[in-house]
Amino acid sequence: MTTWTDTDIRQTSLEEQQLYDHLLYCVQVESCSQLIERFQRLFLDGARYVDPQIWLSLEKVAMDKRAEQDFRFVLNRCCHILINRWQLSPQQQGAIPELVALFENPPDPMKVQSRGARRLRQLVQLFTETEQYVTLQRLSRVMSETAEVNNSKVVGNLIQRYPYLYEHCLLSEDSSYEHQQTVRHIQSRVQRRFEFDLSQYVTYQVRRAQALRTQSVETLDKIIQPVRNPTLLSDRELGIALKQFVGKVQGSDTYRDIAQSFLTHTSQTVSYKEFKNDLYEYLTASIDPAYGKRQFNDRLYTHLKNTLPVSDSQKPSEFLIVRTCSQLLNFLVVESPQRPNHFVFVDLITNLGATLTTCLLLKIVLLCRKVKPYLEKRFSILFNHYETSARDGVPWLIKSLENLNIALSVHFGSADLSCLNQIM
């Protein structure tokens with residue numbers, strides 16, 4: 001995330017500050033329901049507000065000549081003053097979706113007499129078409145009940161499940177430092193919960209596998225309390241994914257071991273060109289030869305060959321490695337929101353499956369950890385692209401999101417899956 005935003009550059013007016021101070025005070029002394037009613041009266045009704053001075057300040061902000069460009073930042077910040085406070089308390093978190101829901105049916109500007117109220121309602125309607133409102137809706141989904149999220153038929157409603165998307169999907173261009181901290185706090189909480197649930201599930205499966213040697217299935221279910229699979233993968237798919245991400249995949253080596261060996265070997269590499277050749281071998285070792293020989297390996301080789309060719313004679317530097325890996329992720333996943341082509345990614349999943357495709361991406365991040373946020377950004381682009389799609393229409397995307405969640409938890413989180421070694 002960039003530090004400088006539009007709201008850093010433009011000056012906060014006296015009237016804006018009065019609004020912020022007013023809400024900062026109210027959020028400390030009022031209940032969630034009182035605050036939601038207050039917010040409705042102030043921003044959506046635009047009339048009969050209890051504090052005439054605050055209404056006059058808001059009216060002046062709304063009538064400003066730059067309001068059409070700037071009001072979205074003001075309203076977004078007002079929302080987050082409440083959200084930043086509520087998210088700290090489990091008892092108050094449910095109010096966040098209620099607050100965001102106020103904007104679902106914005107009031108008609110033509111049904112008020114006051115010029116200021118009419119202008120305010122017009123600006124609120126414009127707000128519902130902004131990036132700021134989209135990120136608020138996503139945050140609302142994150143704070144919604146898990147059962148509702150898991151049963152949803154729309155891709156966008158699954159965002160709660162993927163904390164690695166939060167910084168890219170829940171922050172907008174004007175996000176304050178406080179809101180960035182709020183999102184990271186929520187991200188950390190959801191991540192810890194998933195890692196705990198995954199650890200519990202793995203422990204249950206290991207205990208069950210060991211006990212099956214001497215007990216019947218019927219007896220086991222009475223002795224060992226079943227633990228729910230915390231992913232949207234089947235038990236079999238999750239087992240295969242864990243075996244790949246945690247287990248030995250090349251002789252006695254795990255993906256982490258292979259990445260470390262590659263880094264040790266290439267630390268002596270003389271030229272960047274030689275490094276790219278070694279990287280090609282490192283990556284294609286994970287590709288099914290039958291698939292690779294059709295065209296993928298050639299396309300990968302050509303991509304690496306054409307990556308920063310002016311630096312071919314230089315010794316590989318951290319800068320060159322980071323650039324190479326980030327451009328590789330562009331090629332393998334998706335380039336940008338403006339150019340969201342992802343034919344290579346879909347082709348990989350179609351031919352190798354979501355788990356082995358994730359392993360290929362994991363190999364890149366394990367040798368260059370600085371591109372982990374970059375990989376997460378690639379997946380946020382795909383998520384946003386398919387946000388309004390039906391889950392059933394993009395099963396490959398859901399499986400990819402789930403696999404990456406597991407892979408990142410295993411290698412960069414605190415999930416304790418050491419008991420898997422007992423049955424691998």
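Residues numbered from 1 in each chain as written. Predicted model: local features only at pLDDT ≥ 70, side-chain atom pairs only at ≥ 80, totals over all residues. Heavy atoms only, no water.

Per the secondary structure count, the protein chain includes 21 helices and zero strands. Across its three principal directions, the C-alpha atoms of the protein chain cover 75 × 65 × 35 Å. In the protein chain, of all internal contacts separated by at least 6 residues, the share reaching a separation of at least 24 is 72%. Counting every atom, the protein chain has about 21,000 Å² of accessible surface; 49% of that belongs to carbon and sulfur. Each charge sign in the protein chain was given a centre, from 49 positive and 46 negative side chains, and these centres are 3 Å apart. (Helix = DSSP H or I, 4+ residues; strand = E, 2+ residues; numbered from the N terminus. Contact = heavy atoms within 4.5 Å. Areas by Shrake-Rupley, 256 points an atom, 1.4 Å probe, with all protein chains shown as cover. Lys, Arg positive; Asp, Glu negative; His and termini not counted. Charge placed at Lys NZ, Arg CZ, Asp CG, Glu CD.)

Once that is clear, we can look at the packing of helix 16 (residues 289–305) against helix 18 (residues 343–352). Here helix 16 crosses helix 18 at 155°, and the two axes come no closer than 12 Å. Considered as vectors, helix 16 and helix 18 are oriented roughly antiparallel to each other. The hand of the helix 16/helix 18 crossing is left-handed. Across the interface between the two elements, Y291, R294, F296 and R299 from helix 16 touch V344, D347, L348, N351 and L352 from helix 18. By residue class, the composition of the contact of helix 16 with helix 18 is five nonpolar, one polar and three charged. (Axes fitted to C-alpha atoms, helices over the stretch in contact; angles between N-to-C directions. Parallel < 35°, antiparallel > 145°, perpendicular 65-115°, else oblique. Left-handed = near helix turned anticlockwise from the far one by under 90°. Nonpolar A, V, L, I, M, F, W, Y, C, P; charged D, E, K, R; others polar.)

Before going further, it helps to examine the packing of aromatic side chains. Tallied over the full model, the rule gives 15 aromatic pairs. Here Y280 and Y301 contribute two aromatic rings whose centre-to-centre distance is 5.4 Å and whose plane-to-plane angle is 85°, an arrangement assigned as edge-to-face. One end of the pair, Y280, is in helix 15 (residues 272–284); the other, Y301, is in helix 16, and 21 residues separate them in sequence. Taking the centre distance of 6.2 Å and the plane angle of 75° together, the rings of F345 and W396 count as edge-to-face. Placement of F345 in helix 18 and of W396 in helix 21 (residues 395–412) is noted, with a sequence separation of 51 residues between them. Each member of the pair F345 and W396 is classed as buried. The aromatic ring of F412 is capped on one face by K372, whose charged end is 5.7 Å from the ring centroid. (Phe/Tyr/Trp six-rings, centres within 6.5 Å; stacked < 30°, edge-to-face > 60°. Buried < 20%, exposed > 50% of the residue type's maximum accessible area, 1.4 Å probe, protein only. Lys NZ or Arg CZ within 6 Å of the ring centre and 35° of its normal.)

Okay, the pattern of salt bridges next. The full count for this structure, using the stated rule, is 15 salt bridges. Its salt-bridge partner being R141, residue E387 comes within 3.2 Å of it at the nearest N-O pair. Placement of the pair is E387 in the loop between helix 20 (372–385) and helix 21 and R141 in helix 8 (residues 131–142), with a sequence separation of 246 residues. Each of R138, R141 and E387 takes part in one network of salt bridges that share partners. (Salt bridge = Lys/Arg side-chain N within 4 Å of Asp/Glu carboxyl O.)

Now for the environment of G239. Note on placement: G239 falls in helix 13 (residues 235–246). Once the C-alpha coordinates of G239 and V202 are considered, the two residues, 37 residues apart in sequence, prove to be 9.0 Å apart.

This part takes up the side chain of R38. Of note, R38 is situated in helix 3 (residues 32–45). When its relative accessible area of 16% is taken as the criterion, R38 is described as buried. Here the side chain of R38 touches E30 through a polar contact of 2.6 Å, side chain to side chain. With near-sequence residues (within four places) excluded, R38 lies in contact with H22, C26, E30, Y49 and V50. (Polar contact = N/O pair within 3.5 Å; in protein donor to acceptor, adjacent residues only side chain to side chain.)

This part is about the packing of helix 11 (residues 177–211) against helix 21. Following both chains from N to C, one finds helix 11 and helix 21 inclined at 90°, their axes separated by 11 Å at the closest point. The angle between the axes of helix 11 and helix 21 places the two elements in the roughly perpendicular class. Between helix 11, through Q191, F194, E195 and L198, and helix 21, the contact on the second element is made entirely by N405, I406 and S409. Class assignment of the residues belonging to the contact of helix 11 with helix 21 gives a composition of three nonpolar, three polar and one charged.

The subject of this paragraph is the confidence of the model for the protein chain. Overall, the prediction assigns the protein chain a mean pLDDT of 90, with 93% of residues at 70 or greater. Counting interchain partners and residues more than four positions distant, the pLDDT-below-50 stretch residues 1–9 has twelve contacts. (pLDDT = per-residue confidence, 0-100.)

All right, on to the nonpolar core then. Formed by 130 residues in total, the largest nonpolar core has its most connected members in F39, F43, W86, F296, L332 and F379. Looking at this core, the element that brings in the most residues is helix 5 (residues 67–86), giving ten residues. Not counting the four nearest positions on each side in its chain, F379 is found in contact with Y164, L165, V333, F345, L361, S400, L401 and L404. (Core = buried A, V, L, I, M, F, W, Y, C linked by side-chain atoms within 4.5 Å.)

Our next topic: helix 13. Here helix 13 is twelve residues long and its end C-alpha atoms lie 16 Å apart, about the 16 Å a rise of 1.5 Å per residue gives. Taken together, the buried positions of helix 13 are occupied by L238, A241, L242, F245 and V246. Viewed end-on, helix 13 has its buried residues packed into an arc of 105°, placing them on one side of the element. Exposed residues pointing more than 90 degrees away from the buried face of helix 13 are listed as R236 and K243. Of the surrounding elements, those touching the buried residues of helix 13 are helix 11, helix 19 (354–367) and helix 21. (Expected span 1.5 Å × (residues − 1). Arc of directions from axis to C-beta.)

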